[in-house]
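One letter stands for each residue in the lines below.
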Amino acid sequence: MSTPSPQDQAPGKRSRAESPVAQQPAASAEDVASKRAKNEEEEEHHFLRESDVGITQFVTLGWDGFDAIIKHRFSDFFVNEIDPNGNVVRLTSYYDAVDPTPPMSEEQKEIASLNVPEDAALAFDAAFVKLAEILGEDDSARIRQLLESDDDEHRSFVLGRELDKSQRKSVYNVTNNFLPKQVKCETVDGKLEFIRRGSGHPTNSGPQRRTNRGNQWAHNGDFCYFVMQKENHDTMDVLFQIARAVRSTTRSFGMAGTKDKRGITVQRCSAYRIDHNRLITASRSLKGARLGNFSYGPQELKLGDLSGNRFEIILRHVKGADEQSLAPVLEGIRRTGFINYYGMQRFGTQSISSHSVGIAVLKADWQAATELILKPRPGDRKEVRKARQVWSEKKDARAALELMPQKAALAEHSVLQAFSRKGNENNAASAFAAVPRNLRLMYVHAYQSYIWNAATSQRLARFGIDGPVVGDLVIKAPGFGAKINGAPDAAPNGGEDSADVSSRIEPTLVTARNIKQFTIYDVVLPLPGWAVTYPEHEVKNVYIDLMRQDGLSPFGLGKHPLKEYKLAGAYRHMVIKPRDFEYEWMRYNDDALPLGRSDSDAIEGKHVPEGIEFGEHVALKLKFDLPSSAYATMLLRELMRQETAAGHQTKLSGNTGL
């Protein structure tokens with residue numbers, strides 16, 4: 001087990017991939033060095049580092065790592081969902097649909113035989129020809145006269161004779177399909193009554209409303225499934241676009257998991273009673289996304305309805321490693337795996353971490369929680385920074401709200417909006433409750449993740465990686481994609497999907513008698529909660545000591561005054577291995593050109609980019625599968641020994657000169 005050196009953990013460490021700061025003609029070397037140190041110190045405080053959230057250990061020994069840029073372009077990071085059956089989800093067609101049209105019932109065949117015109121005016125005229133065939137010319141004419149009349153005192157007509165069941169059915173078919181907006185037909189004492197809905201002959205053209213659509217869903221299922229590829233957009237942002245295009249709401253859509261914004265990701269979604277043709281039309285207007293591979297079924301897709309993700313990641317500007325030196329390290333990751341840390345995406349990117357807010361929430365300190373959400377911080381967008389400053393200096397919620405962009409800062413906007421309501425200016429509890437539930441829970445789950453990361457680092461630092469030790473907790477690793485009953489308290493918000501083991505599953509305590517039955521891949525550690533068991537060795541005290549520093553206790557998480565913050569906890573495997581791990585070296589010249597091919601590129605006939613034999617730059621392309629709870633960036637960290645925080649990677653990308 002290796003531990004980062006003090007130099008690795010020291011603020012301001014330079015990466016070998018960073019280009020030197022160019023010297024200005026009038027500046028001395030000392031001036032440049034001083035400015036560089038100051039800039040790096042400022043940048044250090046803009047963003048979280050891995051050590052801030054408990055990430056400190058590595059699996060492999062004797063490797064110093066190398067430098068490269070992760071996600072230099074969003075098209076350097078591909079993620080394809082893996083369904084519960086182990087199939088990689090691919091977008092292969094924009095138009096194909098599996099069994100989109102149900103076999104027609106006898107009733108549907110009869111309705112289809114009516115040949116209802118799409119134009120409303122033509123359908124109105126055709127209706128009375130059909131009614132004349134059933135009722136006779138006189139009664140058909142009386143019904144038409146009723147519908148074209150403006151007499152509000154006489155809005156109905158009762159047929160003077162009784163009809164048999166088949167005749168009544170035929171009349172209903174005509175009125176429901178030819179005249180849905182003009183007449184309502186009812187049976188009263190065995191006789192048909194025609195009640196006028198509106199008046200006049202329809203003059204506008206337009207499709208008629210159909211009343212037989214429900215039968216489609218009875219055959220196909222209530223849900224239309226589709227594959228969504230998105231590029232540099234949040235999952236919910238794209239679903240909002242789709243909902244708006246089909247005149248629905250995001251509540252009509254389901255998904256198996258959220259995906260990273262910065263990347264090209266492919267996933268399955270479901271839509272409740274929305275025809276695939278409407279989704280095809282919507283797809284053409286989407287920004288940063290395409291839909292396809294439509295099918296139908298009876299069940300909504302829910303978070304967790306997947307077994308993992310297939311990654312293709314391109315590392316650019318590789319320095320400090322080559323094919324020969326890196327081969328044993330890559331093989332080591334294939335054989336040994338990496339520490340299953342919660343990645344930096346879980347905690348946010350700025351100096352105030354999500355888990356810091358989580359501490360205040362778990363202490364029911366709503367004033368502290370709202371202040372942390374609104375507190376000024378380096379690295380904000382200009383308009384967000386101004387809004388925070390107004391709040392900090394004046395505590396004027398209305399003025400700050402006018403400046404705060406909702407989309408870029410949803411939690412902040414929600415809090416300010418609540419504070420702006422009359423009589424609610426100082427009600428911090430109400431203001432925090434106005435934050436969407438998934439974001440509120442994100443804060444407390446981030447705190448659980450921080451404690452898990454820190455406890456895992458201590459477990460590995462103290463006992464190593466060779467195998468279980470007496471006092472460890474184990475749950476047999478189920479294998480890739482296998483399910484163990486249950487899920488954590490709630491699916492996390494962010495770029496990864498949750499498949500941690502439920503607190504309802506009782507782990508086995510490792511003893512001297514059973515230790516040989518387990519491997520390091522079976523070892524789990526708990527996310528703190530009231531329903532979990534803790535290890536029976538010194539790591540148990542790590543949980544107690546860490547949480548005591550925050551004014552909390554691992555044994556008090558069921559005592560929160562609000563039910564949604566009473567955390568049961570869960571279990572997470574400490575070390576995991578990737579599946580189908582592959583790698584490829586490439587040389588290239590132009591950072592502006594893609595080095596990978598998306599599913600939509602394949603549909604459109606674009607070729608897989610090829611390397612250039614004597615290219616100026618070196619890239620490493622990695623492909624692998626991970627379980628749905630694992631973070632690909634933590635595999636990259638094990639390989640590269642490089643900070644994976646977004647701020648660090650942004651800085652490296654900027655230093656390429658692009």
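Residues numbered from 1 in each chain as written. Predicted model: local features only at pLDDT ≥ 70, side-chain atom pairs only at ≥ 80, totals over all residues. Heavy atoms only, no water.

Colleague: An account of the environment of Leu 147 is requested, with residue identities and associated values reported.
Modeller: Of note, Leu 147 is situated in helix 5 (residues 137–148). When its relative accessible area of 1% is taken as the criterion, Leu 147 is described as buried. With 36 residues separating them in the primary sequence, Leu 147 and Val 183 have C-alpha atoms 7.3 Å apart. (Helix = DSSP H or I, 4+ residues; strand = E, 2+ residues; numbered from the N terminus. Buried < 20%, exposed > 50% of the residue type's maximum accessible area, 1.4 Å probe, protein only.)

Colleague: I'd like to hear about unusual backbone geometry, residue by residue, with values.
Modeller: Even without a glycine there, the phi angle at Asp 580 is positive, about 55 degrees. Looking at where Asp 580 falls in the secondary structure, it is placed in strand 18 (residues 579–588). Residue classification places Asp 580 among the partly exposed positions, given a relative accessible area of 46%. Despite not being glycine, Arg 641 shows a phi value in the positive range, around 60 degrees. Tracing the chain through its elements places Arg 641 in the loop between helix 20 (632–640) and helix 21 (646–654). Residue classification places Arg 641 among the buried positions, given a relative accessible area of 14%.

Colleague: Any chance you could break down the packing of aromatic side chains for me, citing the residues and the numbers?
Modeller: Counted by the stated rule, this structure contains 18 aromatic pairs. Relative to Trp 452, the ring of Tyr 342 has its centre 5.7 Å away and its plane inclined at 85 degrees; by these criteria the two rings are edge-to-face. With a gap of 110 residues between them, Tyr 342 in the loop between strand 11 (338–339) and helix 11 (354–362) and Trp 452 in helix 17 (residues 437–463) connect regions that are remote in the sequence. Both residues of the pair, Tyr 342 and Trp 452, count as buried. Taking the centre distance of 6.1 Å and the plane angle of 45 degrees together, the rings of Tyr 447 and Tyr 450 count as tilted. Placement of the pair is Tyr 447 and Tyr 450 together in helix 17, with a separation of 3 residues, close to one helical turn. Each member of the pair, Tyr 447 as well as Tyr 450, carries the same accessibility label: buried. Above the plane of the ring of Phe 58 lies Arg 637, whose end atom (NZ or CZ) is 3.9 Å from the centre. (Phe/Tyr/Trp six-rings, centres within 6.5 Å; stacked < 30°, edge-to-face > 60°. Lys NZ or Arg CZ within 6 Å of the ring centre and 35° of its normal.)

Colleague: Help me get a handle on helix 17, residues and values and all.
Modeller: Compared with an ideal rise of 1.5 Å per residue, which puts 27 residues at 39 Å, helix 17 spans 39 Å between its outermost C-alpha atoms and is within 8% of the ideal. Taking burial as the measure, the 27 residues of helix 17 include 21 buried ones, the bulk of the element. (Expected span 1.5 Å × (residues − 1).)

Colleague: Let's hear about the pattern of salt bridges: which residues, and what values?
Modeller: In total, this model carries 32 salt bridges according to the counting rule given. Among the salt bridges present, the one from Asp 545 reaches Arg 548, with a minimum N-O distance of 3.0 Å. Of the two residues, Asp 545 and Arg 548 both sit in helix 18 (residues 539–549), 3 residues apart, roughly one turn of that helix. Judged by its relative accessible area of 36%, Asp 545 is partly exposed. Here the salt bridges do not stand alone but share partners, grouping Arg 310, Arg 579, Asp 580, Glu 582 and Asp 625 into one network. (Salt bridge = Lys/Arg side-chain N within 4 Å of Asp/Glu carboxyl O.)

Colleague: An account of the sheet that holds strand 15 (residues 523–527) is requested, with residue identities and associated values reported.
Modeller: Taken in spatial order, the 5 strands line up as 13-16-15-12-14 in an open sheet, and their pairing is antiparallel. Two strands in the sheet have a free side with no partner beyond their single neighbour: strand 13 (501–502) and strand 14 (508–509). In this sheet, strand 14 lies alongside strand 12 (residues 473–474) in antiparallel orientation, the contact comprising 2 bridges. Opposite Leu 473, over in strand 14, you have Leu 509 as the bridge partner. Across the face of the sheet, helix 17 comes into contact with strand 15 and strand 16 (570–573) while running at roughly 145 degrees to strand 15. (Pairing = 2+ DSSP bridges. Contact = heavy atoms within 4.5 Å. Axes fitted to C-alpha atoms, helices over the stretch in contact; angles between N-to-C directions.)

Colleague: How would you sum up the packing of helix 17 against helix 18? Please name residues and give values.
Modeller: Contact geometry for helix 17 and helix 18: axes closest at 9 Å, N-to-C directions at 140 degrees. Considering their axes alone, helix 17 and helix 18 lie oblique with respect to each other. Helix-helix and strand crossings are classified by hand; for helix 17 and helix 18 the assignment is right-handed. In contact with Tyr 447, Tyr 450, Ile 451, Trp 452, Ala 454, Ala 455, Gln 458, Arg 459, Arg 462 and Phe 463 of helix 17, helix 18 contributes Val 539, Val 542, Tyr 543, Leu 546 and Met 547. (Parallel < 35°, antiparallel > 145°, perpendicular 65-115°, else oblique. Left-handed = near helix turned anticlockwise from the far one by under 90°.)

Colleague: Please provide a residue-by-residue account of the sheet that holds strand 4 (residues 183–188), values included.
Modeller: Strand order in the open sheet formed by 3 strands is 3-5-4, with antiparallel pairing between adjacent strands. Here the strands that pair on one side only, and so sit at the sheet edges, are strand 3 (156–162) and strand 4. Direction aside, neighbouring strands of the sheet carry axes that sit 20 degrees apart on average. Note that strand 4 and strand 5 (residues 191–196) share 6 bridges and pair antiparallel. Bridged to Glu 186 within strand 5 is Glu 193. On top of the sheet, helix 5 reaches strand 3, strand 4 and strand 5; it is set at about 165 degrees to strand 3, its chief contact.

Colleague: An account of the packing of helix 11 against helix 17 is needed here, citing residue identities and associated values.
Modeller: Two numbers describe how helix 11 lies on helix 17: the axes approach to 7 Å, and their chain directions differ by 105 degrees. What the angle tells us is that helix 11 and helix 17 run roughly perpendicular. Touching Ser 354, His 355, Val 357, Gly 358, Ile 359, Val 361 and Leu 362 of helix 11 are Met 442, Tyr 443, Val 444, Ala 446, Tyr 447 and Tyr 450, all from helix 17. When the residues that make up the contact of helix 11 with helix 17 are grouped by side-chain class, the tally is 10 nonpolar, 3 polar and no charged. (Nonpolar A, V, L, I, M, F, W, Y, C, P; charged D, E, K, R; others polar.)

Colleague: Could you give an account of the pairing of strand 15, with specific residues and numbers?
Modeller: Counted residue by residue, strand 15 has 5 buried out of 5 residues, so it is predominantly covered. Two strands pair when backbone bridges link them, and strand 12 and strand 15 are joined in this way by 2 bridges, in the antiparallel orientation. Counterpart to Val 474 in the pairing with strand 15 is Val 523. Two strands pair when backbone bridges link them, and strand 15 and strand 16 are joined in this way by 4 bridges, in the antiparallel orientation.

By themselves, these figures tell us nothing about what the structure is for.
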